[in-house]
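Each chain, written out:
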Amino acid sequence: MATENIDHAQSGGMPQLDFSTWASQIFWTAVALFVLYKILNGSILPKISGALEDRHNAIADDLDKAAELKRQAEDAEAAHTAALATAKADANKIIAEAQNEIDAELATASAEADAEIAARTAESEVRINEVRAEAQSNAKSIATDTAQAIIEKLAPGLSDKSTVEAAVSRALSAAGVAK
Amino acid sequence: MAAPDGKAGETDRKSLDELGARIDAARQQLDGPKREQTTKYKTLNRAWQMVVELVVSVVVGGCIGYALDWAFGTLPLFLVIFGGFGFAAGIKTILATARGFIDEDDTASP
Amino acid sequence: MAKEAVEGELNIDPMHQFDIKYFFDIDLGIANIGFTNSALFAFIAVAAIVVFLWSAVSGHSLVPSRMQSVAESIYEFVRNMVRDTAGDEALKYFPYIFTVFIFILACNLIGMIPYSFTVTSHFAVTVFLALSVFISVTVIGFLKHGMHFFSFFWPAQAPAALRPVLCIIEVISYLARPISHSIRLGANMMAGHAVLKVIGAFAGASALLVVPSVLGIVGLTALEVLVAVLQAYVFTILTCVYLNDALNLH
């Protein structure tokens, strides 16, 4: 540079190398640093670290609380699942019991019905047999009467009631066997 | 009857797990140290830094050598020797600085 | 550059902005520690830091305001840097490191304001800062390890014949630390501002150059803000590295 207007010629253009100013700079820098350190260390840094600490603790507390709530939720969920399982088991038991009861009732009812049916059948058979016997005896007397009457017409005075009866029953039984 | 209940239980479970993961992540963030990213311009500064270290080391070595020469009247014997030592010291400092950069990059990248 | 300088010609003195101006003298005989623009801006930086941090923390609420969360991120950033680099033991030096970091950061950023003064662009300041760190760290090392601290320089695992040479090299690189530590910060701040000034002068020199110069200044100013933050960070992390060496001897 040719046009320099040097008022610090003794330093060769660099004020940094003008050592006559060093004492002043060092002194005042030291003073400034000392003042700054006193203020920072005295009140500002403790305040910042206090704020950070508080926040850290608050967040840690919140996280603990969240974890505790989560644990509670998990417990509740487990209890809920257990209750659900118990209820299901109970329901199954009740259903099975009802089923058994119904089955038993059904069995009793059907046994009763069977018995009644058997009784009725037996009764009916007895009556049928009675009717049949009656019919048979009626048929016998009618046949005997008829035979006797026929014999009377053909050969009066010859009819022997007992002989006719025997013959009729023989014939009847022969027909009954044939039937 | 059992199906919707089971489904609801499953989603509850899922959201609980998510909540647990979030709590853990938040806790880790609270306790774990934070890593600052290195700026690109740091690399700009490195070459300059190394040159300064080398030159300063040579000058310091040279000054010690010159002082010894002045004391014993052996100029330029110790000046040369200690200039060499200074050069070696500069190289050593540069290597240490470079290692520091590598460590720095390693810790910053993951 | 033309000798026949005309009005509006390249009339650049990029170093002029670094001039130290005395407001009044305090002559101690051996040195003049008068109040200068550098001292003024150092106190402006202190005031800015205190005002910013104080207003940020005065609310002290659980859910932070924007300012409060910025202040807290700076706090945590430096704290993590100290702990990650130098271990938990170093945390008791955190207030000092934080003070140095925020002071350098504020000085660097205030220097970005036009017509202001960059305290950290002077080697007097950066050398003072770096030497304070160097001496403190060395004293801490000796207080913690006593004479055993010298083992830091003694390469016990190297071949026996090489050990004395390596020891000298270790000592030289240890002594070089505060110098490179201070030059890095000071030179970065100085160079950036000087370049900005030169380009700014280009804009004033010729109408043709205004647009590219302004664009260049905008870009460079953005870069310079970044450098201002980065250099404060670098200075602080190196402080932590040195502290780690003193506390843990590698």
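Residues numbered from 1 in each chain as written. Chains lettered and ligands numbered in written order. Predicted model: local features only at pLDDT ≥ 70, side-chain atom pairs only at ≥ 80, totals over all residues.

Caption draft 1: Representation of the overall build of chain C in the model. Regarding its fold elements, chain C presents six helices and two strands. C-alpha atoms of chain C, sized along the principal axes, occupy 70 × 55 × 45 Å. Put simply, chain C has 250 residues, and 38% of those count as buried. Once local pairs closer than 6 in sequence are excluded, the contacts in chain C between residues at least 24 apart make up 64%. (Helix = DSSP H or I, 4+ residues; strand = E, 2+ residues; numbered from the N terminus. Buried ≥ 20, exposed ≤ 12 C-beta atoms within 10 Å, placed from the backbone. Contact = placed C-beta atoms within 7 Å.)

Caption draft 2: Layout of the overall build of chain A. In terms of regular secondary structure, chain A is built from two helices and zero strands. Taken over C-alpha atoms, the radius of gyration comes to 66 Å for chain A, far larger than the 16 Å a tight globule of 179 residues would show. Taken over the C-alpha atoms alone, chain A extends approximately 195 × 45 × 15 Å along its principal axes. Here chain A holds 179 residues, and the buried ones make up 11% of them. (Rg over C-alpha atoms; globule rule 2.2 N^0.38 Å.)

Caption draft 3: Structural context of the interface of chain C and chain A. Between chain C and chain A, the residue contacts involve 43 residues of the former and 38 residues of the latter. Mapped onto the side of chain C that touches chain A, the elements with two or more residues apiece are helix H1 (37-58), helix H2 (66-86), helix H3 (94-110) and helix H4 (123-145) of chain C. Split by residue class, the side of chain C that touches chain A holds 30 nonpolar, eight polar and five charged. (Nonpolar A, V, L, I, M, F, W, Y, C, P; charged D, E, K, R; others polar.)

Caption draft 4: Local environment of the interface of chain C and chain B. Contacts between the two partners involve 16 residues from chain C and, on the opposite side, 20 residues from chain B. Among the secondary structure elements, those contributing two or more residues to the side of chain C that touches chain B are H2, helix H5 (163-205) and helix H6 (210-248) of chain C. Sort the elements by how many residues they give to the side of chain C that touches chain B and H5(C) lands first, with ten residues. Of the residues that constitute the side of chain C that touches chain B, the class distribution is eleven nonpolar, three polar and two charged.

Caption draft 5: Up close: H2(C). With 21 residues, H2(C) should cover 30 Å at 1.5 Å per step; its first-to-last C-alpha distance of 30 Å lies within 8% of that length. Buried within H2(C) are the following residues: C:Gln68, C:Ala71, C:Tyr75, C:Val78, C:Met81, C:Val82 and C:Ala86. The buried residues of H2(C) occupy one face: seen down the axis, they fall within an arc of 165 degrees. Packed against the buried residues of H2(C) are helix H1 (22-154) of chain A together with H1, H3 and H6 of chain C. Just downstream of H2(C), C:Gly87 is the residue with a positive phi angle, here 90 degrees. (Expected span 1.5 Å × (residues − 1). Arc of directions from axis to C-beta.)

Caption draft 6: The arrangement of the nonpolar core in detail. One finds C:Ala42, C:Ala45, C:Phe101, C:Phe103 and C:Ile104 to be the most contacted residues of the largest nonpolar core, which totals 68 residues. Elements that contribute at least two residues to this core include exactly H1 of chain A together with H1, H2, H3, H4, H5 and H6 of chain C. Excluding anything up to four places from it in sequence, C:Ala42 contacts A:Trp28, A:Thr29, A:Ala32, C:Cys107 and C:Val119. Counting 14 residues, the second-largest nonpolar core is a separate cluster that includes B:Phe78, B:Leu79, B:Phe82 and C:Ile169. (Core = buried A, V, L, I, M, F, W, Y, C linked by C-beta atoms within 7 Å.)

Caption draft 7: Expanded view of unusual backbone geometry. Of the consecutive residues B:Leu75 and B:Pro76, the connecting peptide bond is found in the cis state with omega at 0 degrees. Note that B:Pro76 resides in the loop between helix H2 (41-72) and helix H3 (77-108). Phi at C:Tyr115 is positive, roughly 65 degrees, even though this residue is not glycine. Mapped onto the fold, C:Tyr115 is located in the loop between H3 and H4.

Caption draft 8: A look at the confidence of the model for chain C. Residue and element names in this part refer to chain C. The share of residues in chain C with pLDDT of 70 or more is 94%, and the mean pLDDT across the chain is 87. Contacts from residues 1-9, a stretch scored under 50 in pLDDT, to residues over four places away or in other chains number twelve contacts. Our summary of model confidence lists the complex with pTM equal to 0.70 and ipTM equal to 0.88. (pLDDT = per-residue confidence, 0-100.)

Caption draft 9: Local environment of the confidence of the model for chain A. This prediction gives chain A a mean pLDDT of 85; 91% of its residues lie at or above 70. This model gives residues 1-11 of chain A a pLDDT under 50, and the stretch forms 20 contacts once residues within four places in sequence are excluded.

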